[in-house]
Amino acid sequence: MNLKKSAKAFAEAKKFMPGGVNSPVRSFSTVNSTPPFISHGKGQLIFDIDGNEYIDFVLSWGPLILGHAHPRIVKALNRQIRRGTSFGAPTLLETQLAKLVNQIYPSMEVIRMVNSGTEAAMSALRVARGYTNREKIVKFIGCYHGHSDSLLVKAGSGAATFGEPSSPGVTRGTAQDTITLPFNDLKSVENVFSQCGEQIAAIIVEPVAGNMGLILPKENYLRGLREITKKYGALLIFDEVMCGFRVSLGGAQEKYQVKPDLTCLGKIIGGGLPCAAYGGREDIMRNVSPDGKIYQAGTLSGNPLAMTAGIETLTALLEENLTEKIIYNTTILVEGIKASAQVSNLKIQVPQAGSMFGIFFSESEVTNYDEAAAANQEMFRKFFLAMLEQGIYFAPSQFETLFMSAAHTQEDVANAIIATVDAFEVCQWLTD
Ligand SMILES: *Cc1c(COP(=O)(O)O)cnc(C)c1O
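Fair warning: this is a prediction, and the values are worked out from it, not measured in the lab. (Residues numbered from 1 in each chain as written. Predicted model: local features only at pLDDT ≥ 70, side-chain atom pairs only at ≥ 80, totals over all residues. Heavy atoms only, no water.)

Turning next to the environment of Leu216. With respect to the helices and strands, the residue Leu216 is situated in the loop between strand 7 (200-205) and helix 8 (221-232). Note on Leu216: relative accessible area 33%, which makes it partly exposed. Measuring from C-alpha to C-alpha, the distance between Leu216 and Glu400 comes to 14 Å, with 184 residues separating the pair along the chain. (Helix = DSSP H or I, 4+ residues; strand = E, 2+ residues; numbered from the N terminus. Buried < 20%, exposed > 50% of the residue type's maximum accessible area, 1.4 Å probe, protein only.)

Structure, rendered in structure tokens:
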């Protein structure tokens, strides 16, 4: 594959930006390779500046559930952009999106729009602390909730990939208020709460974890978190920034029938534009300024472009009943990948949750961060590069999750499966 122009562009970008990128994982440093510079996308496809074409299973890390440049979104954005891009004043669009979110996530009775998942999780925590008048929070090792200080402790994904579980610049004082526990281990949560439950404001969790690779919650795990938090008067925050609209339309809370106090949404909610939201129980959310004293604001929050893209995306998901079809195609792909690994005699894990899936080069099931970290990264690297070479764009780290969109066809699925046959063979050579 020719990546000449991308290599040149990358060298130039590196002069002006750390790693040549604006978010670390994009640099492909984990796989020791040049990232293709993207020129444009259409549906399930992306095209780089060297003229290579890829079937995209990253989808901007999740948001593009309708695919790239969906005609419906393009049309609506075109209409809106001529009417102005931001007013810093109320518009009808904000209420329209809030209503849609509330319809799909009834637990989000009152909602505040923000611009990124980072902001949503950071603000939800502030609300939890302000409401309970407690300072400590519990998060799980390998769960990522954006890059705000108190949450950048044992975070997964980019942070895990780069081996910086906590970042320089996060003060010890901040980190001290964050209790980190292994994912999928109720016993450890019970222990901590029995020691200092009265000081804990909230548990924040990715109910389906997608930032240490894809890891599903064990049976009754989420229900257990709900019971413990209730018992000690702490809040339960579901960070559904990634798994929302994917595990099922109504997210993990719908799929597992557990009602959190607060929920964070992002990624899909903005239809590819910067947008996120947090919300939940009315009695809690009424403490947010100007109804209450907990301050949180944003110059571009709820801007008409992001609202428009979000409204179009959620309306399409609802009206066109797309979720089932996307999940069905994901299942075919996942089963195909498993079969193809068997042909190569490779023991791998291919977890799936709705339209999310992942690949671990591990012989046994992966249920927490330590097990994810023990999977064979070198083999993943070979696999990833062999897939890219065949025009299949997967995420360059096994700590990331892969996504399907409504634009992917069964032919795309078949092509991806065929590519894995070759890629697994390459991995097989490596093990011999
Ligand atoms: C992506 C992600 C975030 C951060 O969202 P940004 O928009 O990148 O700030 C937070 N939580 C989860 C679960 C995510 O997947």
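Moving on from the model shown.
Let's shift gears to helix 12 (residues 323-343). The end-to-end C-alpha distance of helix 12 is 31 Å, a good match for the 30 Å that 21 residues give at a rise of 1.5 Å each. Three or more residues of helix 12 are buried, namely Thr323, Ile326, Asn329, Thr330, Leu333, Val334, Gly336, Ile337, Ser340 and Ala341. On an axial view of helix 12, the arc spanned by its buried residues comes to 165°, and they lie on one face. Every exposed residue of helix 12 that faces more than 90 degrees away from the buried side is listed here: Glu324, Gln342 and Val343. Just beyond helix 12, the residue with positive phi is Asn345, at close to 60°. (Expected span 1.5 Å × (residues − 1). Arc of directions from axis to C-beta.)

Further remarks concern the packing of helix 3 (residues 92-104) against helix 11 (residues 304-319). For the pair helix 3 and helix 11, the least separation of the axes is 9 Å and the interaxial angle reads 35°. For the crossing formed where helix 3 meets helix 11, the hand is left-handed. Taken together, the residues of helix 11 that come into contact with helix 3 (itself represented by Leu93, Glu94, Gln96, Leu97, Leu100, Val101, Gln103 and Ile104) are Pro304, Met307, Thr308, Gly310, Ile311, Leu314, Thr315 and Leu318. Taken together, the residues that form the contact of helix 3 with helix 11 break down as ten nonpolar, five polar and one charged. (Axes fitted to C-alpha atoms, helices over the stretch in contact; angles between N-to-C directions. Left-handed = near helix turned anticlockwise from the far one by under 90°. Contact = heavy atoms within 4.5 Å. Nonpolar A, V, L, I, M, F, W, Y, C, P; charged D, E, K, R; others polar.)

This next bit is on the pairing of strand 8 (residues 235-239). Buried residues dominate strand 8, accounting for five of its five residues. By the alternation rule, side chains of strand 8 split into Leu235, Ile237 and Asp239 and Leu236 and Phe238, which are all buried. Taken together, strand 7, helix 8 and strand 8 constitute a β-α-β crossover, and its handedness is right-handed. Relative to strand 9 (residues 262-265), strand 8 is paired through three bridges, and the arrangement is parallel. In the sheet register, Asp239 faces strand 9, and the bridge partner there is Cys264. (Right-handed = clockwise from strand over helix to strand, strands pointing away. Pairing = 2+ DSSP bridges.)

In the region of the ligand, the neighbouring residues are Ser116, Gly117, Thr118, Tyr144, His145, Gly146, Glu206, Asn211, Asp239, Val241, Met242 and Lys267. In this structure, an oxygen atom belonging to the ligand sits 2.7 Å away from a side-chain N or O atom of Thr118. Here an oxygen atom of the ligand sits 2.6 Å away from a polar atom, N or O, in the side chain of Lys267. For the shell around the ligand, a count of residues per class yields three nonpolar, six polar and three charged. (Near = heavy atom within 4 Å. Polar contact = N/O pair within 3.5 Å; in protein donor to acceptor, adjacent residues only side chain to side chain.)

Strands in a sheet are paired, the pairing made by backbone hydrogen bonds, and the direction either parallel or antiparallel. Reading across from one edge, 11-12-14 is the order of the three strands in this open sheet, with antiparallel pairing throughout. Each of the sheet's edge strands pairs with one partner strand only, and the pair in question is strand 11 (352-353) and strand 14 (402-403). As paired strands, strand 12 (residues 356-357) and strand 14 are joined by two bridges and run antiparallel to one another. Opposite Phe357, over in strand 14, you have Leu402 as the bridge partner.

On strand 2 (residues 45-48), burial covers both faces: Leu45 and Phe47 on one face and Ile46 and Asp48 on the other are all buried. As paired elements, strand 1 (residues 38-42) and strand 2 share four bridges and run antiparallel to each other. The residue of strand 2 that forms the bridge with Lys42 is Leu45. One ladder, built from three bridges, connects strand 2 with strand 3 (residues 53-56); its direction is antiparallel. Bridging from a neighbouring strand, Leu45 pairs with Ile55 of strand 3. Between the antiparallel neighbours strand 2 and strand 3 lie four residues, among them Gly51 with a positive phi of about 90°.

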